[in-house]
Amino acid sequence: MTATIVPPTPDILARAADILRIGGLVAMPTETVYGLACDAANPDAVAGLYEAKGRPRFNPLIAHVASQAMAEREAVFTPLAAKAAECFWPGPLTIVLPVARTASVCDLARAGLDTVALRRPVHPVAQALLDAFGGPLVAPSANKSGHVSPTTPEHVRTDLADRIALILDGGPCAIGIESTILDFTGNTPVLLRAGALGTAELEDCLGVVLARPSDSAGITAPGQMKSHYAPRAALRLNAATPMSGEGYLGFGDHCPREGNLSPKGDLAEAAANLFAILRALDARYERIAVAPIPQTGLGEAINDRLERAAHRD
Ligand code: TXA
Ligand code: MG
C-alpha cells in the first residue's frame, strides 16, 4: 500500500467514508494536527490503528464527534463540561468524561477505561468526513508513536505511507499543536494536556481554576509519557545562542530567520510552525539548541512539547 495525498472532493470523501466503514484507516486534517482516523466502534479497525502507529495499547484514543448530540450518546456530560463544549466546540478542546451506556466507542479505543475523551473538531474536512461517516472516529495524531506530530500531508506520508491508502489534503494545519485535554470526571476540571486552547481562556469560560494532574492524587494522564514528540536530534532548551554545530530553533527578532518559529515573536505563529521546523532541523542536525519561549498563552503548550522532545530516557 502506498498512501496518496488527495483533495477532499465530495467523491473522495464518500470513498474515505467507505474505507472507514470496512475498518480501514484514513488520514484527515484537523485544525490542530493531522489525525489517523478509523471507526471508533470497530475493535478490529482500532487494533489496526494501534498497529500502524506502533502505539502502546494502554494509551487511549480521542473519539471525534460530528455534533453535541453525538457526543451526548458517548459520554455523560456534567454541567461544567457542557459549558466547556458550548464555549469551545467545535474547536481544539478534548473533554474526558464517564462513558455513557449508549456509547459506541469500543473498549480497546478507551484502553479499557470507563472514561472517554471526546473532541468536536472545527476543520471543515474533518467535519465533512465525520458527517459522511455518521459516527465517532478515533484519530490520534497521524505519526508513528513517539514521533513529532504531523502538520502537513507530507509529514503523514513520511511516517505512515505504507500503512494507509488515503491522506486527505487540507494543507498545513492552522494551529499546529494538539488540542487541550480537560478531565471533567472529578469535582474540579483537571488539565491533562496543555494545548491549543490557553489555560486563561478556559478558566475565564468555566469560572474555575484548573487543577493539574500533580495536584490530584490518583488522576493520571495516560500516554503523557515524558519522551513523547521525540525528534532524533538531542535538544538543548533555553539556549540564548547556538553552539558550533548545533541547529537553532529561534523565537523573536533577535534570532536568525532560518529555523525561527516566529521572527515577530507571535506565539500562535510559533505553534503553527513548531512541528514542521522541528522536523526540518531534525533532518539536518544531530543537536538542536532552542531559544527561550515565554510561558504565557500558547507558550505553555509549546514548552510542554519542547520539554518532552528534549527528554531522553
Ligand atoms: O489535537 C488533537 O487532539 C489530535 C487531533 C488529531 O485531534 N489528536 C491527538 O490524539 O493528539 P493523540 O492520540 O495523539 O492524543 C490523545 C491523548 C493521549 O495523551 C491520551 O492519553 C489522552 O488523549 N486520552 C485519551 N483518552 C483518555 C481518557 N479516557 N482519559 C485520559 N486521557 C485520555
Ligand atoms: Mg500524538
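What counts, and where the lines are drawn
- Residue numbers here run from 1 along each chain, matching the order of that chain's written sequence.
- Both sets of labels track the order of writing: A upward for chains, 1 upward for ligands.
- The predicted origin of the model limits local features to residues at a pLDDT of at least 70 and limits the giving and counting of side-chain atom pairs to 80 or more, whereas totals for whole chains, interfaces and linings rest on all residues.
- As a convention, hydrogens and water are excluded, and side-chain values are obtained from all of the structure's heavy atoms.
- Working definition: helices are DSSP H or I runs of at least four residues, strands are E runs of at least two. Numbering for both runs from the N terminus.
- With C-alpha atoms as the basis for the radius of gyration, the globule rule is written as 2.2 Å multiplied by the number of residues raised to the power 0.38.
- When accessible area is computed with a 1.4 Å probe and restricted to protein chains, residues below 20% of their type maximum are described as buried, those above 50% as exposed, and intermediate ones as partly exposed.
- Whether two residues are in contact is decided by their heavy atoms: any pair within 4.5 Å suffices.
- Accessible surface area values rest on a Shrake-Rupley calculation with a 1.4 Å probe, where residue burial reflects the displayed protein chains alone.
- In this count, Lys and Arg are taken as positive residues and Asp and Glu as negative ones, while His and the chain termini are left out.
- For charged residues, the charge sits on one atom: NZ in Lys, CZ in Arg, CG in Asp, CD in Glu.
- The reported arc concerns the directions from the helix axis to the C-beta atoms and nothing else.
- Paired strands, in this sense, are two strands between which DSSP finds at least two bridges.
- Angles here are taken between N-to-C directions and fall from 0 to 180 degrees, while the axes themselves are lines fitted to C-alpha atoms, restricted in helices to the stretch in contact.
- Aromatic rings from Phe, Tyr and Trp, taking only the six-membered ring of Trp, are treated as a pair when their centres fall within 6.5 Å; an angle between ring planes under 30 degrees marks them as stacked, one over 60 as edge-to-face, and anything in between as tilted.
- Cysteine sulfurs are considered disulfide-paired once they come within 2.5 Å of each other.
- Under this scheme an angle from 65 to 115 degrees is roughly perpendicular, one under 35 degrees roughly parallel, and one over 145 degrees roughly antiparallel; angles in between are oblique.
- By definition, turning the near helix anticlockwise from the far helix through less than a right angle yields a left-handed crossing, and turning it clockwise yields a right-handed one.
- Only Asp, Glu, Lys and Arg are considered charged in this grouping, and only Ala, Val, Leu, Ile, Met, Phe, Trp, Tyr, Cys and Pro are considered nonpolar; every other residue, Gly among them, is considered polar.
- Note that the domain bounds reflect an automated or database-derived domain assignment.
- Computed with a 1.4 Å rolling probe, the buried area is the accessible surface lost when two parts are put together, summed over both parts.
- Salt bridges are defined by distance alone: a side-chain nitrogen of Lys or Arg within 4 Å of a carboxyl oxygen of Asp or Glu.
- In protein, a polar contact means a hydrogen-donor-capable atom and an acceptor-capable atom, both N or O and within 3.5 Å, with residues adjacent in sequence counting only if both atoms are side-chain atoms; elsewhere, any N or O pair within 3.5 Å suffices.

1. Some remarks on the overall build of the chain
Helix and strand content of the chain: 9 helices and 13 strands. On C-alpha atoms alone, the chain measures out to a radius of gyration of 19 Å, which is about the 20 Å that the 2.2 N^0.38 rule sets for 313 residues. In terms of principal-axis extent, the alpha carbons of the chain reach across some 60 × 50 × 35 Å. Sorting the 313 residues of the chain into buried and exposed places 55% on the buried side. Look at the contacts in the chain between residues 6 or more apart in sequence, and 69% of them connect residues 24 or more apart. Just so you have it, the chain exposes about 12900 Å², and 54% of that area is on carbon and sulfur atoms. The average position of the 27 basic charges and that of the 33 acidic charges among the side chains of the chain differ by 4 Å.

2. Describing helix H5 (residues 124-133)
Buried residues of H5: Val 125, Ala 126, Leu 129, Leu 130 and Phe 133, and no others. Taken around the axis of H5, the buried residues stretch over an arc of 135°, which confines them to a single face. For H5, the exposed residues set more than 90 degrees away from the buried face come down to Pro 124 and Asp 131. On the buried face of H5, the contacting elements are helix H1 (10-21), strand S2 (26-28), strand S3 (35-39), strand S4 (62-64), strand S7 (137-138) and strand S8 (166-168). Phi turns positive one or two residues past the end of H5, at Gly 134, with a value near 90°.

3. Structural notes on the sheet that holds strand S10 (residues 190-193)
Ordered in space as S1-S8-S2-S3-S7-S4-S6-S5-S9-S10, the 10 strands form an open sheet in which the pairing is mixed. Lying at the two open borders of the sheet, with one neighbouring strand each, are strand S1 (4-6) and S10. Examined bridge by bridge, S4 and strand S6 (residues 115-119) share 3 bridges and lie parallel to one another. Each bridged residue has a counterpart across the sheet, and for Ala 63 the counterpart in S6 is Leu 118. The sheet strands contacting helix H2 (residues 43-53) are S3 and S7, and the helix crosses S3 at an angle near 155°.

4. Let's talk about the sheet that holds strand S12 (residues 247-249)
If you trace the 3 strands from one edge of the open sheet to the other, you get S11-S13-S12, paired in parallel fashion. Across the chains shown, the open sheet's two edge strands, defined by having one partner strand only, are strand S11 (234-236) and S12. Neighbour to neighbour, the strand axes of the sheet diverge by 30° on average, direction disregarded. As defined by bridge partners, S12 adjoins strand S13 (residues 287-290) across 3 bridges and the pair is classed as parallel. Its bridge partner being in S13, Gly 247 is matched across the sheet by Ile 288. Contacts between helix H8 (residues 267-284) and the sheet are confined to S11, S12 and S13, with S12 contributing the most and set at about 175° to the helix.

5. Observations regarding the packing of aromatic side chains
Considering all chains together, one arrives at 1 aromatic pair under this definition. With a centroid separation of 6.2 Å and 75° between ring planes, the pair formed by Phe 77 and Trp 89 is classed as edge-to-face. In this pair, Phe 77 is assigned in the loop between helix H3 (68-74) and helix H4 (79-88) and Trp 89 in the loop between H4 and strand S5 (93-98), connecting sequence segments 12 residues apart. Here the two residues Phe 77 and Trp 89 agree in accessibility, since each one is buried.

6. Remarks on the state of the cysteines
Evaluation of the coordinates by the stated rule reveals 1 disulfide. Put simply, Cys 87 and Cys 205 are joined by a disulfide, and their sulfur atoms are 2.3 Å apart. Across the S-S bond of Cys 87 and Cys 205 the torsion is about 90°, and the bridge reads as right-handed. You can see Cys 87 sitting in helix H4 and its partner Cys 205 sitting in helix H7 (residues 199-206), a full 118 residues away along the chain. A relative accessible area of 13% places Cys 205 in the buried class. With no disulfide partner, Cys 38 has as its closest neighbouring cysteine sulfur the one in Cys 106, 7.6 Å distant.

7. Things to note about the packing of H4 against H7
Where H4 meets H7, the axes come as close as 10 Å, and the angle between the chain directions of the two elements is 120°. For the element pair H4 / H7, the angle class is oblique. The handedness of the crossing between H4 and H7 is right-handed. Contacts from Leu 80, Lys 83, Ala 84, Cys 87 and Phe 88 in H4 reach Glu 201, Leu 202, Cys 205 and Leu 206 in H7. Its residues placed into classes, the contact of H4 with H7 shows 7 nonpolar, no polar and 2 charged.

8. Points about the domain arrangement of the chain
Each assigned domain of the chain is listed with its residue range as follows: domain 1 (4-206) and domain 2 (234-310). Counting from both sides, the interface comprises 21 residues of domain 1 and, opposite them, 12 residues of domain 2. Summing both sides of the interface, domain 1 and domain 2 together bury roughly 1300 Å²; the carbon and sulfur share of this comes to 57%. Across the salt bridge formed by Glu 178 and Arg 305, the nearest N and O atoms sit 2.8 Å from each other. Viewed at the interface, domain 2 and domain 1 are joined by 5 residue pairs in polar contact (both at pLDDT 80 or more). Elements supplying a minimum of two residues to the side of domain 1 that touches domain 2: helix H6 (153-160) and S10. Partitioned by chemical class, the residues of the side of domain 1 that touches domain 2 number 10 nonpolar, 8 polar and 3 charged.

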